[in-house]
Amino acid sequence: MSAGKGQLGAGELQGLREVAAAAAGRGTALTALITEYLDSACRVWSDLPGACRAEGVDALAAVATAHLRAVADATVALTEGYETAYRAAIRGEEATRREFVDDLLEGRTNLGRLAERAERFGLRLLGPHTVAVARAANPFGAGDPASRYVEEALTTRFSVRDVLTTTKDGLLVCVSSGEGPGASEAFAAAVGNAVGEQHRVAISRPRRGPGGIVRSHQEARSTLDLATQLGLPARVVHASDVLVFQVLGRDRAAITDLVATVLGGLEQARGGPQPLLDTLTAYFASGCLNTATARRLGMSVRTIAYRLGRIRQFTGHDPTDPDQRYILQTAALGARLLDWPSQPLQPAD
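The notes below deal with the structure included here.

About the criteria used
- Residues numbered from 1 in each chain as written.
- Predicted model: local features only at pLDDT ≥ 70, side-chain atom pairs only at ≥ 80, totals over all residues.
- Heavy atoms only, no water.
- Helix = DSSP H or I, 4+ residues; strand = E, 2+ residues; numbered from the N terminus.
- Buried < 20%, exposed > 50% of the residue type's maximum accessible area, 1.4 Å probe, protein only.
- Contact = heavy atoms within 4.5 Å.
- Areas by Shrake-Rupley, 256 points an atom, 1.4 Å probe, with all protein chains shown as cover.
- Axes fitted to C-alpha atoms, helices over the stretch in contact; angles between N-to-C directions.
- Left-handed = near helix turned anticlockwise from the far one by under 90°.
- Nonpolar A, V, L, I, M, F, W, Y, C, P; charged D, E, K, R; others polar.
- Core = buried A, V, L, I, M, F, W, Y, C linked by side-chain atoms within 4.5 Å.
- Expected span 1.5 Å × (residues − 1).
- Arc of directions from axis to C-beta.
- Salt bridge = Lys/Arg side-chain N within 4 Å of Asp/Glu carboxyl O.

**Some thoughts on the overall build of the protein**
On a plain count of helices and strands, the protein comes out with 14 helices and six strands. Burial status across the protein gives 40% buried among its 349 residues. Looking at the protein alone, contacts between residues at least 24 apart form 68% of all its contacts between residues at least 6 apart. By element, 52% of the accessible surface of the protein is carried by carbon and sulfur atoms, the whole surface being about 18,700 Å².

Okay, here's the thing in structure tokens:
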């Protein structure tokens, strides 16, 4: 070919692509493959028939040009074959990892088999694990800038055996080993740095084993939904902090009856129940102190005292009486869960 100044044929180029694909499958680095080929091209230069028979500088230059063109075409073919095989391997690995993550978070497979598969991805399933989930204004996607930023932030601080980050249903999920704080809090901080203010992170309680990861994932997601429903201001919400809401929400009929019975009388108030309900919520959040409640709502202490009196009048329960306070506070929590009075109560049949 060097003598005829030709190019590599389609069959020869395809053969080089297949050689490169096989090298990628063996784990050979692309740089090592190209270096070996270029070394071989240099060694055979002096033995090329065209180079041996060339007469004069012009003839030798033509041979060299043909040789370099063939080397360039071969290098491109090797690179194409290698990268095609590498991308296919990456897609296969990503699909396997996605299948594993789905099985891990949803408990769709045998737990013993799941623990064996976890070893392939460097994750230890023994011991307690905590699951944190994050939601942002824009859904998280595999490989997007925000997801990569969070994953890199965690891998620089924690071992891959202790932390797994992934995306699921537009959420960013972090599974971390250990009972104490650390990875989950770092995850929350990294999410904040990646997406700014428009986000919320929910952190489960730690549980043991693969089955515990499934339950913790469910708890973290339900906590995230509950925090959104209640409009909680905190960017990071721990499941242990909203247990009372989860308990109340398990019996919707009972909490609906409680809200209707205890707080229904507030509908008689001028301006509707919302102002008095807001006062009641602020009162409990302020430690049942009129001064602190007034400061929280930007009102006078006299106005707070007046409103508490109206609440007592309409409900028949005195928020200043410790024996009656719990009923009102539970009903106020239930009203938040039911989004009452914005949404009308739907009594059970």
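**Here's the deal with the packing of helix α11 (residues 274-285) against helix α14 (residues 322-338)**
Contact pair α11 / α14: the axes reach a minimum separation of 10 Å and the direction vectors enclose 115°. Helix-helix and strand crossings are classified by hand; for α11 and α14 the assignment is left-handed. Facing L277, L280, T281, Y283 and F284 of α11, the residues of α14 in contact are R325, L328, Q329, A332, A335 and R336. Taken together, the residues of the contact of α11 with α14 sort by class into seven nonpolar, two polar and two charged.

**Description of the nonpolar core**
Residues F245, L263 and L280 are the most contacted members of the largest nonpolar core, which totals 33 residues. For this core, the secondary-structure elements that each account for two or more residues are α8 (209-230), α9 (243-249), α10 (252-263), α11, α13 (301-315) and α14. Here the element with the most residues in this core is α14; it accounts for seven residues.

**Observations concerning helix α1 (residues 10-26)**
Its 17 residues place the ends of α1 25 Å apart at the C-alpha level, agreeing with the 24 Å of an ideal helix rising 1.5 Å per residue. Within the sequence span of α1, burial applies to L13, L16, A20, A23 and A24. One side of α1 holds all its buried residues, which, seen down the axis, span an arc of 100°. Turned more than 90 degrees off the buried face of α1, the exposed positions are A10, G11, E18, G25 and R26.

**Description of the pattern of salt bridges**
By the definition in use, this model includes eight salt bridges. Salt-bridge contacts for E80 lead to R17; the nearest nitrogen and oxygen are separated by 3.0 Å. Taken together, the residues E80 in helix α4 (residues 57-106) and R17 in helix α1 connect sequence positions 63 residues apart. For R135, the salt bridge identified is with D225, shortest N-O distance 2.9 Å. Of this pair, R135 sits in strand β1 (residues 128-136) while D225 sits in helix α8, placing them 90 residues apart in sequence. Overall, the relative accessible area of 29% leaves R135 in the partly exposed class. Linked through salt bridges whose partners overlap, the residues forming this network are D102, E106 and K168.

**Some details on helix α12 (residues 290-297)**
Count 3.6 residues to each turn of an α-helix, and residues three or four apart come out pointing the same way. Burial in α12 covers these residues: A292, T293 and A294. Positive phi shows up at G298, right after α12, with a value of about 70°.

**Let's talk about the environment of A142**
Relative to the assigned elements, A142 resides in the loop between β1 and α6 (145-155). Given a relative accessible area of 69%, A142 falls into the exposed group. Each C-alpha atom of the pair A142 and L172 lies 9.0 Å from the other, and the pair is 30 residues apart in sequence.

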